[in-house]
Amino acid sequence: MRSSPLAALALGLTLATPALAEDDAKPPQKWKVVCATQSKDGSRAVQGTDLIIEAGEKVKDGVAVEGNVIVRKGAVVEDVVAIRGRVIVEAGARVTGSAVSLGGEVRVHKGATVDGDAIALGGRLKVDQDEAVKGDKVSLSFEIGGRDIVRGFIEDALDEETGCHIVDDSDKQDV
């Protein structure tokens with residue numbers, strides 16, 4: 001008795017399905033999205049790289065997603081935020097508002113000034129001089145099994161979307 005060709009075909013497809021699925025699998029992402037924008041009001045934002053505010057610059061707000069915000073000596077910025085990065089306020093630099101890091105560190109060097117709050121959620125707060133920060137100093141980190149829960153939550157939220165979506169509402173025109 002001869003076996004049915006349909007049975008052989010079904011068996012072949014069943015065995016080949018894992019191999020076919022591997023061909024369709026996405027290769028690991030080897031590129032990095034880097035975006036930057038500056039708004040009319042003087043705010044600056046970057047993704048995937050560091051935002052460096054140089055000496056003599058006056059910036060309204062500085063934001064880095066997956067990068068650091070570095071405020072150099074002689075620079076003045078209103079508020080700085082690093083998401084999945086560090087905020088570094090160097091000696092002689094001034095933040096007139098708050099310095100915030102979500103999933104990273106806030107570092108305020110001796111001789112730097114933060115007029116508002118210094119906040120590190122899911123990271124560490126390092127302040128060389130207590131009087132350098134005039135507002136509240138907040139650091140929240142909670143580890144279980146060697147993994148920071150707050151940082152993990154931030155990373156998981158960012159991993160959902162890897163593209164650059166910096167939107168400046170001030171550039172929109174009313175129609």
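Provided above is the structure to which this section pertains.
Before going into details, it helps to say that this report is about the structure given with it. Along every chain, residues carry numbers that run from 1 in the direction the sequence is written. With pLDDT at 70 or above as the cut-off, local features in this predicted model cover only qualifying residues; side-chain atom pairs require 80 or more to be listed or tallied, and sums for whole chains, interfaces and linings still use all residues. Computation of side-chain values covers all heavy atoms of the structure but excludes hydrogens and water.

1. Quick look at a nonpolar patch on the surface
Reasoning step 1: Like-charged residues within 9 Å of one another, or nonpolar side chains (Val, Leu, Ile, Met, Phe, Trp, Tyr) within 5 Å, are grouped into patches, provided each residue has over 30% relative accessible area and no salt bridge. Using the Shrake-Rupley algorithm and a 1.4 Å probe, accessible areas are obtained, with residue cover drawn only from the displayed protein chains. Definition used for salt bridges: Asp or Glu carboxyl oxygen within 4 Å of a side-chain nitrogen of Lys or Arg. On the surface, a nonpolar cluster with roughly 290 Å² of combined accessible area is contributed by F142, I144 and I149.
Reasoning step 2: In this fold, F142 is placed in the loop between β14 (137–140) and β15 (143–144).
Reasoning step 3: Burial classification: accessible surface area is computed with a 1.4 Å probe over protein chains only, and a residue below 20% of its type maximum counts as buried, one above 50% as exposed, and the rest as partly exposed. The class of F142 is partly exposed, set by a relative accessible area of 48%. Only runs of H or I of at least four residues qualify as helices and only runs of E of at least two qualify as strands under DSSP, and these elements are numbered from the N terminus.

2. Some points on the side chain of S98
Reasoning step 1: When you line up the elements, S98 lands in the loop between β8 (94–95) and β9 (99–102).
Reasoning step 2: For S98, a relative accessible area of 19% gives the class buried.
Reasoning step 3: Whenever a nitrogen or oxygen atom comes within 3.5 Å of another N or O atom, the pair is scored as a polar contact, on the condition that within protein one atom can donate a hydrogen and the other can accept it, and that pairs from neighbouring residues in sequence are kept only if both atoms are in side chains. Of note is the side chain of S98, whose polar atom sits 3.3 Å from the backbone nitrogen of D117.
Reasoning step 4: Any two residues whose heavy atoms approach within 4.5 Å at even a single point are treated as in contact. Once residues lying within four places of it in the same chain are set aside, the contact partners of S98 are E78, D79, V80, G116 and D117.

3. Re the nonpolar core
Reasoning step 1: Residue types Ala, Val, Leu, Ile, Met, Phe, Trp, Tyr and Cys, when buried and joined through side-chain atoms within 4.5 Å, form a set referred to as a nonpolar core. Residues I53, V69, V71, V80 and V108 are the most contacted members of the largest nonpolar core, which totals 25 residues.
Reasoning step 2: Elements with a contribution of two residues or more to this core: β3 (51–53), β4 (58–65), β5 (69–71), β6 (76–83), β7 (87–89), β10 (106–108) and β12 (118–121).
Reasoning step 3: Sort the elements by how many residues they give to this core and β6 lands first, with three residues.
Reasoning step 4: In this structure V108 touches V89, V114, K126, V127, D128, A132 and V133, once residues within four positions along its chain are discounted.

4. Looking at the pattern of salt bridges
Reasoning step 1: Taken as a whole and judged by the stated rule, the model has 11 salt bridges.
Reasoning step 2: Its salt-bridge partner being K126, residue E105 comes within 3.3 Å of it at the nearest N-O pair. One end of the pair, E105, is in the loop between β9 and β10; the other, K126, is in strand β13 (residues 125–127), and 21 residues separate them in sequence.
Reasoning step 3: By relative accessible area, E105 is classed as buried at 13%.

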